[in-house]
Amino acid sequence: MIKLKDREKNDLGIMISPMIDMSFLLLVFFIVTTMNMSEVETVPVQLPAATQTRIQPEARFNVAVKADGSLYLGTKPVTREALIAQAKAAAAKDPQFSLVIYGDGQVPYEKILGLLDDCKAAGILRVGLAAEKAADHGQQ
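The rules behind the values
Residues numbered from 1 in each chain as written. Predicted model: local features only at pLDDT ≥ 70, side-chain atom pairs only at ≥ 80, totals over all residues. Heavy atoms only, no water. Core = buried A, V, L, I, M, F, W, Y, C linked by side-chain atoms within 4.5 Å. Buried < 20%, exposed > 50% of the residue type's maximum accessible area, 1.4 Å probe, protein only. Helix = DSSP H or I, 4+ residues; strand = E, 2+ residues; numbered from the N terminus. Contact = heavy atoms within 4.5 Å. Pairing = 2+ DSSP bridges. Right-handed = clockwise from strand over helix to strand, strands pointing away. Expected span 1.5 Å × (residues − 1). Arc of directions from axis to C-beta.

A word on the nonpolar core
Thinking step 1. Judged by nonpolar contacts, the single largest core of 19 residues is most densely connected at Phe61, Leu83, Leu99 and Leu115.
Thinking step 2. Only strand 2 (61-65), strand 3 (71-73), helix 3 (80-93), strand 5 (99-103) and helix 4 (109-121) provide two or more residues apiece to this core.
Thinking step 3. For this core, the element with the most residues is helix 3, which contributes four residues.
Thinking step 4. Beyond its immediate stretch of four places on either side in the chain, Leu83 contacts Phe61, Val63, Leu71, Leu73, Val78 and Leu115.
Thinking step 5. Formed by five residues, the second largest nonpolar core is a distinct cluster that contains Ala64, Tyr72, Val100 and Ala130.

Written as structure tokens, this is what we have:
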């Protein structure tokens, strides 16, 4: 017959496996939540769709070109000359500098090409074009 005092001595341990399970679940929750929090701060534009898009790591210079041709650095309106000057200064400080252009689908091709040309002339070679992910229907 087991006495009550002997049983109480055996049950004094803390069960560690439920604590490890909870810690793991919290870690997974925070990782998944953080991955979905990266949001680009720019003015809303109607991006064209492309099937071969790739998620770009965070870029510091997000340039929006609205349908009327106006330029925005983040959410602030900017002239082309000021944009290129700021980008050139930032590129001189950071060798991994990149610029992403969020061009509205209605913007004439010449305006985007002109902006790309100005970037290249300023020595900014890492330039990306943003697009919406389109459904791939097996077209080649």
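Here the narrative resumes, following the displayed structure.
Overview of the pairing of strand 5
As a general feature of sheets, a regular strand has side chains that alternate between the two faces.
Thinking step 1. With respect to burial, strand 5 is a largely interior element, five of its five residues being buried.
Thinking step 2. Residues Leu99, Ile101 and Gly103 of strand 5 are buried on one face, and the alternating residues Val100 and Tyr102, pointing to the opposite face, are buried as well.
Thinking step 3. The pairing of strand 2 with strand 5 spans five bridges and is parallel. Bridge pairing links Asn62 to Val100 in strand 5.
Thinking step 4. For strand 5 and strand 6 (residues 127-129), the ladder comprises three bridges, and the chain directions are parallel. Counterpart to Val100 in the pairing with strand 6 is Gly128.
Thinking step 5. In this view, the connection linking strand 5 to its parallel neighbour strand 6 by way of helix 4 has right-handed handedness.

Brief notes about helix 3
Thinking step 1. With 14 residues, helix 3 extends 20 Å from end C-alpha to end C-alpha; this agrees with the ideal 20 Å at 1.5 Å per step.
Thinking step 2. Taken residue by residue, helix 3 has Leu83, Ile84, Ala87 and Ala90 as its buried positions. All buried residues of helix 3 project into a common sector of 135° when viewed along the axis, lining one side. Of the residues in helix 3, the exposed ones pointing more than 90 degrees away from the buried face are Glu81, Ala92 and Lys93.
Thinking step 3. Tucked into the core, helix 3 has its buried residues touching strand 2, strand 3, strand 4 (76-78), strand 5 and helix 4.

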